[in-house]
Amino acid sequence: EVAVEVTMEANPTSVEVTKLRDFQRAGMNRVSLGIQSLRPAALLQLGRAHGVGQCHAAIEAASNAFDRYSIDLIYGRPGHSPVEWCS
């Protein structure tokens, strides 16, 4: 088990498997992705520069490079409902 967690944060627009592996070799053992949402309208509302396809690609790259990764999602933005969150 890992004694110390060393996490980096990344936006989906800057994630590449090669870069992630370089960070891992440098001592990072977890990446957190600023996905924010998997809905195109929500990404526009939040002013995010990435699209849903980039989100999926970033998640795949992170899972290929790290054993431990997380994604950040935003809940409770204006007009957001529990039904939308669950779908």
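Owing to the predicted nature of the structure, the values given are computational and were not obtained by experimental measurement.

Here the focus is the state of the cysteines. Tallied over the full model, the rule gives zero disulfides. No disulfide involves Cys 55; its sulfur sits 19 Å from that of Cys 86, the nearest cysteine.

Phi angles above zero are rare outside glycine, and Gln 36 is one such case at about 75 degrees. Examined against the element boundaries, Gln 36 turns out to sit in strand β2 (residues 30-36).

A separate point is the pattern of salt bridges. If you walk through the whole model with that rule in mind, you get five salt bridges. A salt bridge links Glu 5 to Arg 30, with the shortest nitrogen-to-oxygen separation between them at 3.7 Å. With Glu 5 in the segment before β1 (7-10) and Arg 30 in strand β2, the pair connects residues that are 25 residues apart, well separated along the chain. Given a relative accessible area of 40%, Glu 5 falls into the partly exposed group. Between Glu 5 and Arg 68 there is a salt bridge, and its shortest N-O distance comes to 2.6 Å. In this pair, Glu 5 is assigned in the segment before β1 and Arg 68 in the loop between α3 (52-65) and β3 (69-73), connecting sequence segments 63 residues apart. When salt bridges that share partners are traced, they join Glu 5, Arg 30 and Arg 68 into one network.

Another aspect to go through is the sheet that holds β2. Spatially, β1-β2-β3 is the arrangement adopted by the three strands of the open sheet, whose pairing is parallel. In this open sheet, the two strands that pair with only one neighbour each are β1 and β3. Geometrically, the sheet is characterised by an average inter-axis angle of 25 degrees between neighbouring strands, direction not taken into account. Of the pairings in the sheet, the one linking β1 to β2 comprises four bridges and is parallel in character. Within β2, the position partnered with Thr 7 by the bridge is Arg 30. In the packing of α3 onto the sheet, contacts are made with β2 and β3, and the angle to β2 comes to roughly 170 degrees.

This brings us to the packing of aromatic side chains. Considering all chains together, one arrives at one aromatic pair under this definition. An angle of 80 degrees between the planes, with centres 5.0 Å apart, marks the rings of Tyr 75 and Trp 85 as edge-to-face. Here Trp 85 lies in helix α4 (residues 82-86) and Tyr 75 lies in the loop between β3 and α4, a separation of ten residues in the sequence. In this structure Trp 85 comes out as partly exposed when scored by relative accessible area, which is 40%.

We now examine the nonpolar core. The biggest cluster of nonpolar side chains holds 14 residues, and the ones touching the most others in it are Ala 10, Val 15, Leu 20, Val 31 and Leu 33. Secondary-structure elements contributing two or more residues to this core are β1, β2 and α3. Ranked by residues supplied to this core, first place goes to α3 with six residues. When residues no more than four places from it in sequence are discounted, the contact partners of Leu 20 are Met 8, Val 15, Val 31, Ala 61, Ala 62, Ala 65 and Phe 66.

Rules and cut-offs
Residues numbered from 1 in each chain as written. Predicted model: local features only at pLDDT ≥ 70, side-chain atom pairs only at ≥ 80, totals over all residues. Heavy atoms only, no water. Disulfide = S-S within 2.5 Å. Helix = DSSP H or I, 4+ residues; strand = E, 2+ residues; numbered from the N terminus. Salt bridge = Lys/Arg side-chain N within 4 Å of Asp/Glu carboxyl O. Buried < 20%, exposed > 50% of the residue type's maximum accessible area, 1.4 Å probe, protein only. Pairing = 2+ DSSP bridges. Axes fitted to C-alpha atoms, helices over the stretch in contact; angles between N-to-C directions. Contact = heavy atoms within 4.5 Å. Phe/Tyr/Trp six-rings, centres within 6.5 Å; stacked < 30°, edge-to-face > 60°. Core = buried A, V, L, I, M, F, W, Y, C linked by side-chain atoms within 4.5 Å.

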